[in-house]
2 protein chains.
Amino acid sequence: MFLAIVSCKDKVNTSRANEVVSGQGHPKLILTKQGVLDIKKALGTVPIFDASLSATKAEVDAEIEEGIDVPVPKDLSGGYTHERHKRNFLMLQKAGVLFQILDNDKYAIYVRDMLMAYAKLYPTLPVHPQTRSYARGKLFWQCLNDSNWLVYTAQAYDCVYEWLSEKDRNILENDLFIPFAKFISEGNPQFFNRVHNHSTWGNVAVGMLALVIDNDELLENALIGLKVDNLKAGMKDNDGGLIQVEGQKLGFYGNLDEPFSPDGYYNEGPYYQRYAMYPFLIFAQALQNVKPELKVLEYKDGVLLKAVNALINLTDANGNFFPLNDGQKGMSYYTDALVSAVDIAYYYGGKNPELLSIAKKQNKVVLDDTGLSVAMGVKAGLELPFQKKSINLSDGKNGDEGGVGVLRSHGLELVYKYASQGSSHGHYDKLSFSLYENGNEVIQDYGLSRFVNIEQKGGGNYLKENKTWAKQTIAHNTLSVNGQNHFKGKFEIGSKHHSELYFYNDEQPNVQIISATEDNAYPGTKMLRTFALVKDGDFEKPFVIDLLKVKSLTKNQYDLPYYYLGHIMKTNFEYNSFSQLKPLGKNNGYQHLWNEALGKPTEDYTVFSWKNNNLFYTLTTTSSKADQLILARIGANDPEYNLRKDPSFILRRKDVKNTTFASVIESHGSYSPVSELALNAYSHLSSLKIILDNEDYTAIELITKSNKSKVFILSNKDNSKDKNHNIKIGDKNYNWIGAYYYR
Amino acid sequence: MFLAIVSCKDKVNTSRANEVVSGQGHPKLILTKQGVLDIKKALGTVPIFDASLSATKAEVDAEIEEGIDVPVPKDLSGGYTHERHKRNFLMLQKAGVLFQILDNDKYAIYVRDMLMAYAKLYPTLPVHPQTRSYARGKLFWQCLNDSNWLVYTAQAYDCVYEWLSEKDRNILENDLFIPFAKFISEGNPQFFNRVHNHSTWGNVAVGMLALVIDNDELLENALIGLKVDNLKAGMKDNDGGLIQVEGQKLGFYGNLDEPFSPDGYYNEGPYYQRYAMYPFLIFAQALQNVKPELKVLEYKDGVLLKAVNALINLTDANGNFFPLNDGQKGMSYYTDALVSAVDIAYYYGGKNPELLSIAKKQNKVVLDDTGLSVAMGVKAGLELPFQKKSINLSDGKNGDEGGVGVLRSHGLELVYKYASQGSSHGHYDKLSFSLYENGNEVIQDYGLSRFVNIEQKGGGNYLKENKTWAKQTIAHNTLSVNGQNHFKGKFEIGSKHHSELYFYNDEQPNVQIISATEDNAYPGTKMLRTFALVKDGDFEKPFVIDLLKVKSLTKNQYDLPYYYLGHIMKTNFEYNSFSQLKPLGKNNGYQHLWNEALGKPTEDYTVFSWKNNNLFYTLTTTSSKADQLILARIGANDPEYNLRKDPSFILRRKDVKNTTFASVIESHGSYSPVSELALNAYSHLSSLKIILDNEDYTAIELITKSNKSKVFILSNKDNSKDKNHNIKIGDKNYNWIGAYYYR
Ligand SMILES: [Ca+2]
Ligand SMILES: [Ca+2]
Ligand SMILES: [Ca+2]
Ligand SMILES: [Mg+2]
Ligand SMILES: [Mg+2]
Ligand SMILES: [Mg+2]
Ligand SMILES: [Mg+2]
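Residues numbered from 1 in each chain as written. Chains lettered and ligands numbered in written order. Predicted model: local features only at pLDDT ≥ 70, side-chain atom pairs only at ≥ 80, totals over all residues. Heavy atoms only, no water.

Right, let's get into the overall build of chain A. Each helix and strand in chain A was counted, giving 17 helices and 27 strands. What you see for chain A is a C-alpha radius of gyration of 28 Å, in line with the 27 Å of a compact globule of 743 residues. For the C-alpha atoms alone, the extent of chain A along its principal axes is close to 90 × 55 × 50 Å. Counting across all 743 residues of chain A, residues that qualify as buried make up 64%. (Helix = DSSP H or I, 4+ residues; strand = E, 2+ residues; numbered from the N terminus. Rg over C-alpha atoms; globule rule 2.2 N^0.38 Å. Buried < 20%, exposed > 50% of the residue type's maximum accessible area, 1.4 Å probe, protein only.)

Right under this line is the structure:
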């Protein structure tokens with residue numbers, strides 16, 4: 001079936017024209033015979049490659065010195081046996097590479113001896129004693145980690161294949177590798193036969209081994225899944241994720257098809273995409289080497305290379321991934337998975353010199369042809385700065401299930417999420433946003449509630465607050481209606497829907513804009529939320545317009561939080577701080593918010609300003625006298641101190657059907673604790689009002705302190721770029737082309 | 001009187017032997033005729049000097065372009081007229097220097113025109129309309145700022161003195177400078193005739209002018225104070241500080257005598273010392289130039305140069321001053337006052353090459369002989385790293401009023417405060433400590449409650465929470481007895497007492513130790529608190545032993561807080577989190593603490609661990625079943641959001657007379673959110689117990705997880721280094737020399 005995608009070989013490997021070695025034999029998977037020759041020739045002349053090699057050598061040498069330990073599996077992640085087996089597979093892969101590059105038998109001996117120890121242990125193992133997983137492994141508590149093991153050890157095996165005796169190879173394949181591959185596939189179809197980052201690892205593990213040992217049956221299972229799995233419809237994993245959806249394509253191709261949009265966005269978000277990229281790309285590289293006729297990198301219009309680009313664009317100015325869905329903050333493009341992603345994307349993706357500037361920051365390359373080529377590019381000074389511009393990434397297999405947009409200007413980055421549910425790691429956060437400046441969070445996305453691999457905190461696994469807090473709608477910078485979650489907080493409902501792009505336009509650098517709708521999160525209630533990032537000479541820096549139009553069949557309570565970070569400077573409203581604190585509510589995440597203070601607007605516009613990282617920020621929002629202004633803090637009902645005690649400013653509007661929240665967020669000025677000077681510490685605005693709000697248009701007017709009027713008008717029903725609009729507001733005519741007006 | 005301190009001139013200025021110009025005329029104060037020649041000769045060849053000059057030129061040129069504004073005074077700090085007059089004096093001083101160095105008349109014209117505008121305005125001014133100060137200025141709301149003005153403008157005047165017509169000089173001196181100097185001295189004796197950082201500025205302002213215009217009467221007032229001041233005993237300033245103490249030496253010498261200890265520690269702490277250093281040193285430099293026979297830099301055994309060394313040693317690894325007393329966090333040796341301090345200390349203090357490494361970080365020098373010499377030293381690559389070692393600085397005029405110690409080892413810095421009250425900026429924090437690692441706070445000192453110069457926050461002035469929270473005993477990492485403040489929170493009582501050093505010993509790098517007593521904070525209760533910073537091969541990093549022995553005539557409630565920063569990882573005790581939060585108390589700072597959770601020890605030792613900046617920390621402390629363990633958070637009764645919502649872990653022991661708190665604080669391991677690896681995430685201790693505690697000795701035993709026993713014994717009554725001790729604990733004999741034992 002997959003063999004149908006065969007094509008002419010002569011297009012491939014043209015870069016290896018000179019000094020060709022036999023295409024047969026091993027290594028062939030990631031390292032190749034030709035690649036090893038090229039590397040040996042370059043040794044000592046390419047700084048980043050040499051440094052990476054010597055770091056690897058030092059690490060493996062120390063490990064060999066300590067001796068081999070292959071303990072009987074027992075622990076969860078964080079515990080000794082888990083961490084030992086994890087370290088073992090990482091060391092095996094590295095030792096294999098060192099054997100090839102350095103021609104020193106001690107590395108081959110280390111690989112052989114450890115693999116033989118595994119071959120002795122493996123047949124004796126029952127499933128792992130820890131019972132937490134829906135798919136328990138043998139070496140680890142879950143098949144996911146067993147699959148990691150095989151992805152790496154298949155590479156090690158490939159590197160020592162020719163050096164091993166046939167007898168040893170037979171032992172390893174019969175007692176270890178083949179039963180191992182079968183256990184994580186046929187033995188665990190609920191793990192292997194699904195579309196999920198878990199199964200990607202499973203598929204790739206089996207596929208890598210298949211390519212090394214030239215096993216067509218395993219390869220076919222890897223690429224298109226098990227033909228028979230006997231799985232019941234509606235089965236879920238232990239995170240509540242669906243195992244299978246009727247009629248899904250499975251295997252590596254299925255996992256490549258479905259979670260990636262045509263723009264390369266991965267439906268679980270960048271944190272899991274980063275984790276998933278390594279198996280996708282390493283297997284793509286292996287297929288490129290062993291089965292170039294499959295042209296895997298051209299699959300779905302080159303989606304794998306687009307995915308690397310998307311992923312880099314989903315980082316802040318410091319290279320940290322935006323923590324959408326279950327994302328742990330601090331994960332960045334410095335992670336090893338991104339080192340190989342950048343190297344592979346550079347080598348196979350047209351040698352984009354902007355990738356070299358990221359490789360240079362990473363200061364590390366993979367020890368293969370791709371890493372060598374990157375290191376040589378950096379050595380030659382070819383790199384250009386990676387220009388992260390505004391970008392809109394569609395979500396969904398066909399790119400029609402909402403998306404994620406990032407507006408960028410002068411150090412400010414606004415991330416807007418109007419995507420689909422995002423699989424089992426998705427949050428109930430439709431139309432939520434976050435704001436960054438210079439790589440620092442200004443209005444944060446909370447991220448997950450988990451301390452990955454920190455055993456003291458629930459074994460390093462998801463904490464119960466991930467469900468009760470982090471996934472909840474009120475935990476996000478988006479609208480909660482009547483204290484309820486989007487989609488009633490039900491994964492099954494959320495998975496059926498997605499927000500819709502209304503329009504995206506980054507053509508005018510001075511007004512970049514993104515707008516989306518959500519009609520299903522609360523049946524009967526429709527939302528249209530629009531963000532513009534405006535650079536206007538009458539303001540010091542770009543500012544954000546945030547326009548949220550809500551239309552409902554019923555009267556509701558609307559809560560719109562802003563999870564600002566920093567210290568409150570000043571408000572234009574009065575509030576009462578409570579002398580005792582109670583939670584803001586009983587469920588849906590509200591039980592985790594302390595209600596610190598309650599205020600009421602004293603003007604038609606509410607001003608809330610704060611300081612963060614020695615920069616000043618002001619949120620100005622239109623308000624009515626009946627609004628409540630809530631100052632809250634995360635941390636109630638948190639008996640294990642699992643949550644961060646971060647603050648929130650919540651706009652509450654009760655007993656209305658239709659309403660519009662119109663806000664401006666400014667970054668302005670700075671404070672230096674060294675010079676003790678506060679510059680430009682106040683908002684530029686003297687007022688903000690909605691001057692028109694009907695079915696067709698919403699218009700706001702900003703008056704600056706120097707008394708200049710700025711008007712922003714949104715066409716609520718016609719998103720066409722070409723439409724000519726002509727309307728009168730008060731006694732003034734506004735005439736423009738396209739979905740918005742700003743002047 | 002002060003002229004008695006005359007000596008031979010020929011020792012001075014030997015460095016200026018070649019190419020001598022006439023010692024007469026102007027400039028002579030900070031720049032000198034010879035210095036200007038030297039600078040002109042070096043221009044274009046000394047990078048840091050040239051960069052500093054060109055930055056200054058760009059700044060002043062832009063200011064000249066904008067034109068002169070000398071508004072009628074009106075505002076508090078942060079407001080326009082305040083900031084304008086402040087900027088004016090800074091620009092005047094710089095323009096004067098540029099005129100001398102660049103020989104361009106436009107700078108002299110700018111200085112003259114602005115000074116003439118002041119000469120026109122000044123005679124018309126009443127005292128400043130803002131009434132907050134005990135000593136209102138004319139240009140500013142307080143004489144302090146008026147004095148700042150004169151310190152800078154006297155330098156500007158000196159630079160253009162010879163260029164000005166005699167007629168203009170007469171106008172400036174008669175209408176502006178002399179009345180100005182008289183107003184801040186004779187006109188405000190309550191400001192001028194005291195020992196306080198305020199009056200230092202006043203004294204120096206008058207003295208600087210006196211040197212420029214050669215006025216002996218003003219100079220004498222500056223150096224030894226007004227002979228007649230008619231001040232009533234017991235008068236206080238608006239911060240509650242005493243104006244005068246009977247029999248005090250006054251004027252510059254008085255201010256130099258009293259607040260500085262022989263070690264150069266300034267009694268208000270480093271934040272105010274940094275502020276005070278500039279006038280002290282700039283005037284010292286001026287005296288050195290104009291009246292070298294006074295040998296001001298040799299005064300009190302060279303205390304001014306020692307003070308610069310003390311100040312640098314009172315910074316963390318990033319150069320930030322420890323925020324003792326009313327110190328604002330973030331103030332550092334990058335402040336301009338420290339640029340001139342470092343330059344002056346280098347030039348006059350034997351050209352210590354370690355100072356050059358700080359100058360290099362500052363990347364800025366003063367535009368005079370001292371700055372030139374520093375810039376040339378850096379250019380010549382003479383710098384050595386500034387080695388901050390452990391240091392003990394005595395407090396008090398004679399060095400016998402307690403002190404501040406800093407223990408340093410492998411990136412850890414423990415700051416122990418056992419000083420005197422610290423004048424009006426002092427806190428009730430006897431025997432308090434703070435802990436840093438790599439320049440980051442681990443156990444914080446709260447600092448002040450003030451947003452200096454941020455007008456939105458109470459005009460940038462001290463907030464009421466400075467008194468109700470920041471100064472209070474419970475706000476510090478020290479013992480609160482019966483919920484009361486040290487000295488009942490009364491400045492008058494606190495000012496009569498100070499803690500006493502028991503001993504300090506940094507001779508053994510593996511056990512550095514400091515111990516002090518406090519017998520007066522709570523009459524009838526005596527405390528002996530000892531910190532040891534121990535480097536022991538059985539631990540990953542140095543750890544802290546914190547031993548607090550309390551002896552009382554009465555049964556009391558003891559509260560010992562640890563203001564840890566970071567996220568709680570794990571405890572070995574059970575605690576209940578409250579579903580509603582109440583303040584921990586009603587007054588003395590307790591009203592500002594939310595009582596989040598209450599626990600009880602489940603073992604004889606309590607373990608509390610947390611993560612901060614991706615490092616792990618564990619506090620282990622001996623406990624009895626009756627102890628309460630309180631998890632608290634700052635922020636209750638804070639209606640203006642003036643406080644940071646930081647956490648605290650409080651040990652509470654009730655209804656006991658004598659007790660000992662024995663604790664170990666470990667830094668261990670690390671977490672990487674990129675590799676997601678947690679290394680060494682647990683304490684090395686498996687238990688901690690007090691094995692002996694009597695009048696003479698306190699001994700604790702630490703058992704490590706690898707089952708090694710470590711014993712620390714403190715001699716409670718004999719601090720001699722030579723004393724031979726021989727005691728039996730259980731069936732083991734301990735024999736050692738000196739005040740402590742560790743093995
Ligand atoms: Ca989210
Ligand atoms: Ca960041
Ligand atoms: Ca610091
Ligand atoms: Mg899952
Ligand atoms: Mg989220
Ligand atoms: Mg004061
Ligand atoms: Mg304090």
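More follows now that the structure is in view.
What follows deals with the coordination of the magnesium ion (ligand 7). Residue and element names in this part refer to chain B. Around the magnesium ion (ligand 7), the protein contributes the donor atoms H427 (ND1) and H476 (NE2), which lie 2.1 to 2.3 Å from the metal centre. Residue H427 is located in the loop between β3 (412-418) and β4 (432-437), and its partner H476 is located in the loop between α16 (464-470) and β6 (480-481); the two are separated by 49 residues in the primary sequence. Neither H427 nor H476 differs from the other in exposure class; each is buried. (Donors = N, O, S within 2.8 Å, 3.2 Å for Na, K, Ca; no water.)

What follows is about the UniProt feature "domain: Heparinase II/III-like C-terminal" (unreviewed entry) in chain A. Within this structure's numbering, the places UniProt gives as "domain: Heparinase II/III-like C-terminal" (unreviewed entry) are residues 394-564 of chain A. Helix makes up 6% of residues 394-564 of chain A and strand 42%, with an end-to-end C-alpha separation of 27 Å. (UniProt positions renumbered as here; feature names shortened; annotations may be inferred.)

Okay, the sheet that holds strand β27 (residues 740-742) of chain A next. Residue and element names in this part refer to chain A. Spatially, four strands are ordered β22-β23-β24-β27 in an open sheet, and the strand pairing comes out antiparallel. In this open sheet, the two strands that pair with only one neighbour each are β22 (685-693) and β27. Between one strand axis and the next, the sheet turns through 10° on average, direction left out of account. In this sheet, strand β24 (residues 709-715) lies alongside strand β23 (residues 697-704) in antiparallel orientation, the contact comprising seven bridges. Within the sheet, the bridge partner assigned to Y697 lies in β24 and is S715. (Pairing = 2+ DSSP bridges. Axes fitted to C-alpha atoms, helices over the stretch in contact; angles between N-to-C directions.)

Moving on, we get to the relation of the copies chain A and chain B. With an RMSD of 0.1 Å, the fit of chain A onto chain B corresponds to turning through 180° and sliding 0.0 Å along the axis. The two molecules are tied by a two-fold rotation axis, judged by turn and shift. Of every C-alpha in chain A, the one belonging to L581 of chain A sits nearest the axis of rotation, 2.4 Å from it. When the interface residues of chain A are mapped onto chain B, 100% of them are again interface residues, pointing to one common binding face. (Least-squares fit on C-alpha atoms with pLDDT ≥ 70 in both. Contact = heavy atoms within 4.5 Å.)

Here we take up helix α15 (residues 369-379) of chain A. Residue and element names in this part refer to chain A. Of all 11 residues in α15, nine are buried; the element is thus mostly enclosed. Every buried residue belonging to α15 is among D369, T370, G371, L372, S373, V374, A375, G377 and V378, and all of these are buried. In the stretch just after α15, G381 is the one whose phi turns positive, near 70°.

Moving on, we come to the coordination of the calcium ion (ligand 3). All names here are of chain B. Protein coordination of the calcium ion (ligand 3) is provided by D316 (OD), N318 (ND2), N320 (ND2) and G439 (O), with donor distances spanning 2.3 to 3.0 Å. Sequence spacing of the donor residues for the calcium ion (ligand 3), all on one chain, is D-x1-N-x1-N-x118-G. Here N320 is found in the loop between α12 (299-313) and α13 (336-348), whereas its partner G439 is found in the loop between β4 and β5 (440-443), with 119 residues between them in sequence.

The next thing to look at is the pairing of strand β11 (residues 556-562) of chain A. Residues and elements named next belong to chain A. The buried count for β11 comes to seven of seven residues, which makes it a mostly enclosed element. Because side chains alternate across β11, one face comprises the buried residues N556, Y558, L560 and Y562, and the other comprises Q557, D559 and P561, equally buried. Looking at chain direction, strand β6 (residues 480-481) and β11 are connected through two bridges and run antiparallel. Bridge pairing in β11 links S480 to D559. Inspection of the sheet shows β11 paired to strand β18 (residues 647-656) by six bridges, in the antiparallel sense.

Per the counting criterion, the structure on display carries 72 salt bridges over all chains. Notably, a salt bridge pairs E492 of chain B with K236 of chain B, separated by 2.3 Å at the nearest N-O pair. Taken together, the positions of E492 of chain B in helix α17 (residues 491-494) and K236 of chain B in the loop between α9 (216-224) and α10 (251-257) put the pair 256 residues apart, joining distant regions of the chain. Here E492 of chain B falls in the partly exposed class, since its relative accessible area comes to 33%. Overall, the relative accessible area of 41% leaves K236 of chain B in the partly exposed class. One continuous salt-bridge network, built from bridges that share partners, spans E59, E63, R84, R87 and K94 of chain A. (Salt bridge = Lys/Arg side-chain N within 4 Å of Asp/Glu carboxyl O.)

Looking now at helix α1 (residues 33-42) of chain B. Since one α-helical turn is 3.6 residues long, residues separated by three or four positions face the same way. Residues and elements named next belong to chain B. Buried residues of α1: Q34, G35, V36, I39 and A42, and no others. On its buried side, α1 packs onto α2 (47-66), α3 (80-102) and α15 (369-379). Looking one or two places after α1, you find G44, whose phi comes out positive at around 85°.

Now for the environment of Y617 of chain B. Residues and elements named next belong to chain B. If you trace the backbone, Y617 turns up in strand β16 (residues 615-622). Sequence spacing of Y617 and E59 is 558 residues, and the spatial spacing of their C-alpha atoms is 46 Å. Excluding anything up to four places from it in sequence, Y617 contacts E437, V442, F608, S609, W610, N612, E666, S667 and H668. Of the polar contacts made by the side chain of Y617, one reaches the side chain of E437; its length is 2.7 Å. (Polar contact = N/O pair within 3.5 Å; in protein donor to acceptor, adjacent residues only side chain to side chain.)

Tallying the contact residues gives 53 residues for chain A and 53 residues for chain B. Carbon and sulfur atoms supply 53% of the area buried between chain A and chain B, which totals about 4200 Å² over both sides. Summed over the three residues of chain A that lose the most area to chain B, namely Q456, Y641 and E676 of chain A, the buried surface amounts to 19% of that side. Linking chain A to chain B there are zero salt bridges. Taken together, the connections running from chain A to chain B amount to 25 residue pairs in polar contact (both at pLDDT 80 or more). The element best represented in the side of chain A that touches chain B is strand β13 (residues 574-583) of chain A, accounting for eight residues. (Buried area = accessible area lost by both parts, 1.4 Å probe.)

To continue, consider the packing of aromatic side chains. Under the definition given, this model contains 89 aromatic pairs over all chains. Relative to Y272 of chain A, the ring of Y271 of chain A lies with its centre 5.3 Å away and its plane at 85°, an arrangement referred to as edge-to-face. By relative accessible area, which is 3% here, Y271 of chain A ends up buried. A relative accessible area of 7% means that Y272 of chain A is categorised as buried. Of the aromatic side chains, those joined through ring pairs into one cluster are F89, F140, Y152, W201, Y271, Y272, Y275 and Y278 of chain A. Note that R653 of chain A overlies the ring of F661 of chain A, its terminal NZ or CZ placed 4.2 Å from the centroid. When the ring centre of Y462 of chain B is taken as origin, the NZ or CZ atom of R450 of chain B, which lies over that ring, is 4.6 Å away. (Phe/Tyr/Trp six-rings, centres within 6.5 Å; stacked < 30°, edge-to-face > 60°. Lys NZ or Arg CZ within 6 Å of the ring centre and 35° of its normal.)

With that out of the way, let us pick up the nonpolar core. Counting 132 residues, the largest nonpolar core has W149, L176, M208 and F283 of chain B as the members making the most contacts within it. No other element matches helix α11 (residues 270-290) of chain B, which puts 13 residues into this core. In this structure M208 of chain B touches L29, I30, V151, A154, Q155, I282, F283 and A286 of chain B, once residues within four positions along its chain are discounted. Judged by nonpolar contacts, the second largest core, of 130 residues, contains L139, F180, A210 and A284 of chain A. (Core = buried A, V, L, I, M, F, W, Y, C linked by side-chain atoms within 4.5 Å.)

Let's shift gears to the environment of Q472 of chain A. Residue and element names in this part refer to chain A. Within the secondary structure layout, Q472 lies in the loop between α16 (464-470) and β6. Between the C-alpha atoms of Q472 and S420, which are 52 residues apart in sequence, the distance is 15 Å. In contact with Q472, other than residues within four places in its own chain, are Y428, K467, N485, N588 and G589.

Mapped onto the elements, T622 of chain A comes out in strand β16 (residues 615-622). Setting aside residues up to four positions removed in sequence, T622 of chain A forms contacts with D604, Y605, D627, R653, T660, A662, L688, K689 and I690 of chain A.

The next point concerns the UniProt feature "domain: Alginate lyase" (unreviewed entry) in chain A. Feature annotation in UniProt places "domain: Alginate lyase" (unreviewed entry) on residues 96-318 of chain A, given in this structure's numbering. Structurally, residues 96-318 of chain A comprises 60% helix and 0% strand, and the distance from its first C-alpha atom to its last is 33 Å.

Okay, the domain arrangement of chain A next. How big an interface is tends to be reported as the loss of accessible area on association of its parts. Residues and elements named next belong to chain A. Along its sequence, chain A is organised into domain 1 (59-258) and domain 2 (401-689 + 717-722). One C-alpha centre belongs to domain 1, the other to domain 2; they are set 42 Å apart. With 14 residues of domain 1 in contact, the opposing surface of domain 2 contributes 11 residues. A buried area of about 900 Å², summed over both sides, lies between domain 1 and domain 2, and 40% of it is on carbon and sulfur atoms. Three residues stand out in domain 1 for area buried against domain 2, namely S77, R132 and D239, and they jointly supply 40% of the buried area on that side. Applying the counting criterion to the domain 1 and domain 2 interface returns one salt bridge. Our count for the domain 1 to domain 2 interface comes out at three residue pairs in polar contact (both at pLDDT 80 or more). When the residues that make up the side of domain 1 that touches domain 2 are grouped by side-chain class, the tally is two nonpolar, seven polar and five charged. (Domains from an automatic or database assignment. Nonpolar A, V, L, I, M, F, W, Y, C, P; charged D, E, K, R; others polar.)

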